[in-house]
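Now for the letters of each chain:
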Amino acid sequence: MTSLDILLQQSINGLMLGIMYSLVAVGFTLYFGVLDVINFAHGDFFMLGSFIALALYAVAVVAGFAGNVFLVVAYLFIGSMLLTGVVGVVTERFCIRPVSKSPMLISLLVTLGLGIAIREAVRILYPRGSDPKGFPTLLPQGSFTVGNIVIRYENLIIFGVGVVVIVVVNFLINRTKMGSAIRAVAQDGEAAMMMGVDLDRTIDLTFLIGSAVAAVAGVLNGFYYGQTMFNIGAMMGVIGFSAAVIGGLGNIYGAIVGGILFGLLETFAAAVLPYGAENKRVFAFLIVILFLVFRPTGILGEKIFERV
Amino acid sequence: MAEKQERLTGFSGIATVLGIEIVIYGLSLALMLVPGGWILIAEVLLLVAVMVYLRRNPTLSAQIRDLFAANARAGWIGAVVLVLLIPFFMASSAYWLFTIILAGLFMTACFGLNLQLGSTGMVNLASAAFYAVGAYTAGLLALKLGWPAWLTLLAGALMAGLFSALLFIPVLKTKGHYLALVTIAFQFMVTILLDNQEWTGGPQGLKNIPLFSIAGYSFNDGIDLGFIVLPGYANFFYLMLLMVAAVGIASQRIYHSWVGVTLSTIRDDEIAAQTFGVGVNHWKLVIFSLGNCFIGLAGAFYAHLVGFISPPNFTFEKSLVMVSIVILGGMDNVLGVILGSLLLIILPEKLRVVQEYRFLIYGLVLIIMLINRPRGLLPFKPRDYLDLIRRAERKRVVPAGSEVAEGGV
């Protein structure tokens, strides 16, 4: 393999990871927009999505329609999105909304506590929840080569689903009435309300979308690694938040760019740096810190001025 | 007025103060020593009942407050004696004594965190990372170079202070959510690095770190007093008390000094503080380093207490526990930190009965508490300067005996 091949191969791997990170980062950006809250439990919705898919798959096996691969994959994605979305809205109503006006430290701790509660609930409620759980192999295995680069069908599908979801979310936010309500609330909640936007409903919808998208990422992640575990959410939350910040918090394109950038950083660090495989995240987080120091508004963020 | 003063400070007043202290002390000890979960439920119900009763009767709670204020000295002496006596009741339950020592370590660390979080308003979610720096410094120095424990304690604290320098620029240039993210990222970096480095022992960590010994006296031996043999942890307990007292008094002094006032202005309005000539950046860096020194000191003590440290001891969850202690206890409040550490370290041990649900309960309690009581158990009070002036005047008047002789005030 030439070094160009390695570069391309790693870029493809990085894009794969990056698209999943983007899906998580989108939620952070949306919530920050409408409620000014960083939802640190968001990573746990990602985890919850994968576990709900597992439970749904078990149901499908019992009901006897697990044989039809296309049907079952669609059913897993849609079911997991809906259920995770509902949990997202309920927790938003009872835990996150009450603290959205509190000092930042309080909302931070509440969402962190919420993350712990979700994690532990999954561990306790799911049978033998402390162990890693194998994910069913539903996507086609095998691969094809372009030049010297190996592309697996499974990865292609994961990437495709990720892109489709991002396009759909983008459409929802930028082209629909609901989306313009969300954007209006993000700019100025009170003004939006005076113009007739139903604030509560808009915030609920935002959390429904955000959690559902995180659930998609969780299911994709399960297919990609072939397993899931109750404690993968904490790290994913930090990565998603980092990605949203690198891109520019509050900007949906920023979240996508940030997520892909984070994925690329990780894969290249693992491939190029000495001891990279173990320390790839150390490198990625270092870049995040540098970003925060030298360009705190992210790649696509606006310049913020502090008003006195 | 004089009669009231008499009634407050007389023998009956002191007896009441000590009586209340002994009752609280007895209930706390019973909570630990009585096996089973029912005692926890019973005491929580009792506590709620007392709190509701006191809230209904503000005069009674005001009286109690006056009583404690009037007999401050007796109250403090009583409290200190009772705390010193704790190991005597724990002679046969070393496990609980260990838990109390652990709570003391969290107090020390959280005094430091409180300086950053509570007094200055700097978010630090990497406290477990600095705890780790202290612990690994002490462990490595003791294992590789054979330094004595008292020296490694200091080295651990200093090293944590030095490591703060890595975050100096982010601390100055970011705040709020962004500073939170920087410190979380730093926390994860430290845990990952500890896991991967050869010289920190990797995932296995450091084993057989020598426990404390001073001039040949090993802290692991029990104390034989003739009539009772205290477990070896009693040594650690008294050393821990010394450390908590030193760091706690230092924190309290900082709070009451002009430095504390400076920090408050930075927390409340950074721009206004800067406008009035407060060296905001200077104090942020000083407090960030000093706070981490305290955290590192506690970490170094931890290494010598358990003798075995590994990366899972220093994860993000531990940072979270420390932040919850500061917030649940009450920000910028030394007593709040003490109360928070006792509750958050000792109660979960009691909840081992429901081992499986422990963290779930922890998460839910955190959410419910913060939504309903965001200012903590002992809410932060604005500084009472009038009281300070009054106290200063009293001091000036009382020893002189007569104001005329002094030429008036």
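In short, a report on the structure. Everything numeric in this text was worked out from a predicted model, so none of it was measured. (Residues numbered from 1 in each chain as written. Chains lettered and ligands numbered in written order. Predicted model: local features only at pLDDT ≥ 70, side-chain atom pairs only at ≥ 80, totals over all residues. Heavy atoms only, no water.)

What follows concerns the overall build of chain B. In terms of helices and strands, chain B carries 19 helices and four strands. Taking 22 Å as the expected radius of gyration for a compact globule of 409 residues, we find that chain B reaches 23 Å, a close match to that expectation. The dimensions of chain B, computed from C-alpha atoms along their principal axes, are 75 × 65 × 45 Å. Taken over 409 residues, chain B has a buried fraction of 48%. Expressed as a percentage of contacts within chain B between residues at least 6 apart in sequence, the contacts between residues at least 24 apart total 78%. When the accessible surface of chain B is summed, it comes to about 20300 Å², and 69% of that surface belongs to carbon and sulfur atoms. (Helix = DSSP H or I, 4+ residues; strand = E, 2+ residues; numbered from the N terminus. Rg over C-alpha atoms; globule rule 2.2 N^0.38 Å. Buried < 20%, exposed > 50% of the residue type's maximum accessible area, 1.4 Å probe, protein only. Contact = heavy atoms within 4.5 Å. Areas by Shrake-Rupley, 256 points an atom, 1.4 Å probe, with all protein chains shown as cover.)

To continue, consider the packing of aromatic side chains. Going through the model one piece at a time under the given rule, you end up with 25 aromatic pairs over all chains. Residues Tyr25 of chain B and Phe89 of chain B carry aromatic rings whose centres are separated by 5.9 Å and whose planes lie at 75 degrees to one another, so their mutual orientation is edge-to-face. With Tyr25 of chain B in helix α2 (residues 11–33) and Phe89 of chain B in helix α6 (residues 86–89), this pair connects stretches of sequence that are 64 residues apart. Residue classification places Phe89 of chain B among the partly exposed residues on the basis of a relative accessible area of 43%. Among the aromatic residues, ring-to-ring pairing joins Tyr21, Phe262 and Phe285 of chain A together with Phe188 and Phe316 of chain B into one connected group. Directly above the aromatic system of Phe230 of chain A lies the positively charged group of Arg123 of chain A, at a separation of 6.0 Å from the ring centroid. (Phe/Tyr/Trp six-rings, centres within 6.5 Å; stacked < 30°, edge-to-face > 60°. Lys NZ or Arg CZ within 6 Å of the ring centre and 35° of its normal.)

Moving on, we come to the interface of chain B and chain A. Across the contact, 43 residues belong to chain B and 43 residues belong to chain A. Taken together, the two surfaces of chain B and chain A that pack against each other cover about 3800 Å², and 83% of this comes from carbon and sulfur. Contact with chain A buries surface across chain B, with His177, Tyr178 and Leu181 of chain B losing the most and accounting together for 19% of the total. Summed over the shared surface of chain B and chain A, the result is one salt bridge. (Buried area = accessible area lost by both parts, 1.4 Å probe. Salt bridge = Lys/Arg side-chain N within 4 Å of Asp/Glu carboxyl O.)

Turning to helix α16 (residues 316–329) of chain B, a few remarks are in order. All names here are of chain B. Taking 1.5 Å per residue as the helical rise, α16 with its 14 residues ought to reach 20 Å, and the 20 Å between its terminal C-alpha atoms agrees with that figure. The element α16 is extensively covered by neighbouring structure, given that 13 of its 14 residues are classed as buried. Positive phi appears at Gly330, one or two residues downstream of α16, with a value of about 125 degrees. (Expected span 1.5 Å × (residues − 1).)

Our focus in this paragraph is empty space enclosed by the protein. In this structure the tally under the stated criterion is two cavities of 30 Å³ or more. Looking at the lining of the largest cavity, the elements that each hand over two or more residues are α4 (104–125) and α9 (233–247) of chain A together with α16 of chain B. The biggest single contributor to the lining of the largest cavity is α4 of chain A, with five residues. Across the lining of the largest cavity, the residue classes tally to seven nonpolar, three polar and three charged. As for the second largest cavity, its lining consists of Phe111, Asn114, Leu115, Ser119, Ser251, Tyr255, Asp332 and Val334 of chain B. (1 Å grid on protein atoms, 1.4 Å probe; cavity = no way out; pocket = protein on both sides within 12 Å on 5 of 7 lines; lining within 4 Å. Points joined across faces, edges and corners; volume = space filled by probe spheres on them. Nonpolar A, V, L, I, M, F, W, Y, C, P; charged D, E, K, R; others polar.)

Take it as geometry only, folks, not as evidence of what the structure does.
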